[in-house]
Amino acid sequence: MPPVLFIVMLLGALCGLGQAMSREEKHKLRNQVVEMFDHAYQNYMDHAYPADELMPLTCRGRVRGLEPSRGDVDDALGKFSLTLIDTLDTLVLLNKTTEFEAAVRRVLSDVRLDNDIVVSVFETNIRVLGGLLGGHSMAVMLKEGGQNMLWYQDELLHMAKDLGLRLLPAFNTSSGLPYPRVNLKYGVRGPETRTGTETDTCTACAGTIILEFAALSRFTGDPVFEAHARRALDFLWEKRQRNSNLVGTTINIHSGEWVRRDSGVGAGIDSYYEYLLKAYILLGDDLFLQRFNIHYASIMKYISQPPLLLDVHIHKPLLPARTWMDSLLAFFPGLQVLKGDIRPAIETHEMLYQVTKKHNFLPEAFTTDFRVHWAQHPLRPEFAESTYFLYKATGDPYYLEAGRTILDNLNRFARVPCGFAAMKDVRTGSHEDRMDSFFLAEMFKYLFLLFAEVEELPFDVEDYVFTTEAHLLPLSLSTSPHSSLISSNRTSEEELDDSNFDWTCPNTRLLFPDPAFPRNLREPIRSAVDKSCPRPAPYREPGMGHPPLRAQDFMANNPEHLELLRRMGVSLIHLKDGRVQLVQHATQAVSAVAAEDGVRFMQEMMELSSQQQKEQLPPRAIQIVSHPFFGRVVLTAGPAQFGTDLSKSSTGVRGFVAVAEPYSGCSEITNAEYIQGHIAMLQRGQCMFAEKARHIQKAGAIGGIVIDDNEGSSSDTAPLFQMAGDGRNTDDITLPLLFLFHKEGNILLEALKEYREVEVLLSDKARDRGVDVQEGEEDCTTEATSPVPSEPPGQSQTTTVEREESASEEVTPLQEEVSPANENTSAAEEVDSPKEEVSPVKAEADLVPSKEERDSETREEPEGDTDSSSQSVDELLADWQEDLEAFQQMEKDEL
């Protein structure tokens, strides 16, 4: 289809969400933004120019080589008056055309781009090249207005092309991914130019080029810049993990191998996703939108757990890669607005806002319970950016108040006599002697746009797209005379699929027919971040009101319990891995007494959850020993914290399996005569694990297997569950109970369906696979298994405590971590063998494999991956080794 300009306009505004801010108050805040900009800009010009940045505590300029090195941070500095160039289009937006004209003349007369200095390709592209192009766009716009810049003859564009040519040598790699650094004078020549020795770059570093380079090509008519940027994006797309459709954080620019396999939307990846969507908006190429939508679906499936955005492992995306978030992800709600996905944008922004109010600024990194992880704050603008876009989309005055908070905190805590100083530690309020150029380039743009009325803007911002540095590029570039020179690198397998497109943007009135709906989304998150400390329970007269619900009695499927939670102001948040988090918002309790009960309930739940997670049990094995399996199929199972301890049994528990009726096992077993003497199979859900165990034990079962009701779940992609008790004494449970994910449980159910009698062995680890195998069949044992590299000392299997059986299982307060991330998870369990280590078979539906089929059955890949029907043992070994290395890398990254 022909290129389409994708100008995102979310029609409609939400009214009645609170008292609207008066026009006079908005005007006052707009003027305050201008005054703060003047304070920062004038101090840079007075005390720092022509240096790259201002040092606001010592009132001098930061010149690279004259100040102590700060490491990679200094790669943004190139002795090219960085802050002035980065600020050019901000001057125009703030109606400072006279200052803009003077600044352009300074840039043209003073700035040199041929310095013998090594700079970051990424930072120089977004700040300097983007700044020159944004300045050129503004100069052209003003000249066409006939009042200003009448002398301008594309001088900034000529400088931009000169700089673009100086960056091009970085792209001279076999993959097309740029080297992370380049020498402005000598390019990439090796150690003598202090370049060309790097092997790795971040995904964002290679994937945040297309807007600036495409704009440069279309402004100048030279297609070489856009071609190189497209090639880099194409390579990153080809190297995505095909099962999860996620990309890692760091990639080898020569081999294309992922160096860091953790994936999120923050540092190292953030603007790669941003530029896919904005490249479509700017250039009108549908291919970029299709790629973005595929990535976005995976982000929402694996990374987004509203209001949290947690990094995961690209090969095992249900495993969290860390337990903290970095502040750069604050841009993501704004990107979701451009995408048209407003609800999660509201939720994540609210979480960020509450963290901001708690610490005055967003710490560089903070934990899932909103404590400081890294305490610095270099005056980043991403939260202000998302605040502006959400206000633009909803018209909710709540976001004007959020903007006021940003202004107040900047003036109260960051303002110093010579500008604004970055926060060294948000907890103590100490400063760092730096004011990065992006503070002027981005922060004041978004805050000004937030408070300014449309008629107060010198041009229509809807005619421009914001780069990641908030530079303004005109949407008219998509129809420029030179756009036809650029060819899309669409591969034959990338035919456009309309299912990956949302061609229209949602009307916010249709999204939120109830004006209070956004407020209802925010309230639970606000309470979770800023909860109050519990106070002693108030006196309750005998017989007055409902008796308080105790955590040990709570069942998530009990309607009466849910009603009691509602009265106490406690709500449930469902997580994608089948767990539930509890959040209390006391203001929604029916009374002060009920609110106090809610506080006490939350404290009890936290203590109960903590107690249940203290003892981490290793995974167990379910080995199918009957004909025709003879021990070759071993399923990895989760343990229970009650019942028979299989690690203390030399023989395990062996018996034929039978499906219990009812399948949930939550009431008395009706087919007890069939269950007696058998190992009962049950479905997860509707009641406690311990309750299921008691019912099948009463029916005479010798063991139990609980099968996950979450379709598609697998031990390949999720940490094993550790089934907890129900808060009561479980000494009466004497049989073993094990847990299987849906995929592994299906193997057992299919076997029972086909062979009617299936015997299994429940044990702490699989026994010798020669069990019940006739002599002539013993040689087949290794055909159905794959060797596993030995694990390093200290590496252990991660399990997640499950204390409740319901549609959404584990109940933990929001303040608790979502799941452990510091321990590595092995994809296989050891199986005793006289000669080698082997892994349990992840068998597929066909449970009578031929010799040729068994090799491919050893590891099942999700749909969409390459054909694995003829995988060899060596290939399987390589797969396991890759996973092992990935988890080792995750551990190093965490440290």
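Let me begin by describing the structure that accompanies this report. (Residues numbered from 1 in each chain as written. Predicted model: local features only at pLDDT ≥ 70, side-chain atom pairs only at ≥ 80, totals over all residues. Heavy atoms only, no water.)

## Points about the packing of helix α13 (residues 382-394) against helix α15 (residues 437-451)
Stage number 1. As a packed pair, α13 and α15 sit with axes 9 Å apart at the nearest point and diverge in direction by 25 degrees. On the basis of their axis angle, the class for α13 and α15 is roughly parallel. Between α13 and α15 the crossing geometry is left-handed. The residues of α15 that touch α13, namely those facing Ala 384, Glu 385, Thr 387, Tyr 388, Phe 389 and Tyr 391, are Glu 442, Met 443, Tyr 446, Leu 447, Leu 449 and Leu 450.
Stage number 2. When grouped by side-chain class, the residues that make up the contact of α13 with α15 number 9 nonpolar, 1 polar and 2 charged. (Axes fitted to C-alpha atoms, helices over the stretch in contact; angles between N-to-C directions. Helix = DSSP H or I, 4+ residues; strand = E, 2+ residues; numbered from the N terminus. Parallel < 35°, antiparallel > 145°, perpendicular 65-115°, else oblique. Left-handed = near helix turned anticlockwise from the far one by under 90°. Contact = heavy atoms within 4.5 Å. Nonpolar A, V, L, I, M, F, W, Y, C, P; charged D, E, K, R; others polar.)

## Observations regarding unusual backbone geometry
Stage number 1. Residue Pro 50 is reached from Tyr 49 by a cis peptide bond, and omega for that bond is 10 degrees.
Stage number 2. The topology assignment puts Pro 50 in the loop between α1 (23-47) and β1 (53-55).
Stage number 3. With an omega of 10 degrees, the peptide bond running from Pro 306 to Pro 307 counts as cis.
Stage number 4. Among the secondary structure elements, Pro 307 is positioned in the loop between β9 (304-305) and β10 (308-309).
Stage number 5. Non-glycine residue Ala 470 carries a positive phi angle of around 65 degrees.
Stage number 6. Note that Ala 470 resides in the loop between β19 (464-466) and β20 (472-474).
Stage number 7. Since its relative accessible area comes to 0%, Ala 470 is described here as buried. (Buried < 20%, exposed > 50% of the residue type's maximum accessible area, 1.4 Å probe, protein only.)

## Some remarks on the nonpolar core
Stage number 1. Membership of the largest hydrophobic core comes to 174 residues, with the highest contact counts inside it found for Phe 100, Ile 210, Leu 410 and Phe 420.
Stage number 2. Looking at this core, the element that brings in the most residues is helix α4 (residues 121-145), giving 11 residues.
Stage number 3. Beyond its immediate sequence surroundings of up to four residues, Leu 410 is in contact with Met 36, Phe 361, Leu 379, Arg 415, Phe 420, Phe 439, Met 443 and Leu 447.
Stage number 4. Ile 696, Leu 720, Phe 721 and Phe 741 belong to the second largest nonpolar core, which has 24 residues in total. (Core = buried A, V, L, I, M, F, W, Y, C linked by side-chain atoms within 4.5 Å.)

## A short note on the environment of Ile 525
Stage number 1. Position of Ile 525 among the secondary structure elements: in helix α17 (residues 517-529).
Stage number 2. Along the backbone, Ile 525 and Thr 348 are 177 residues apart, and their C-alpha atoms lie at a distance of 8.9 Å.
Stage number 3. Not counting the four nearest positions on each side in its chain, Ile 525 is found in contact with Pro 307, Glu 347, Glu 350, Met 351 and Gln 354.

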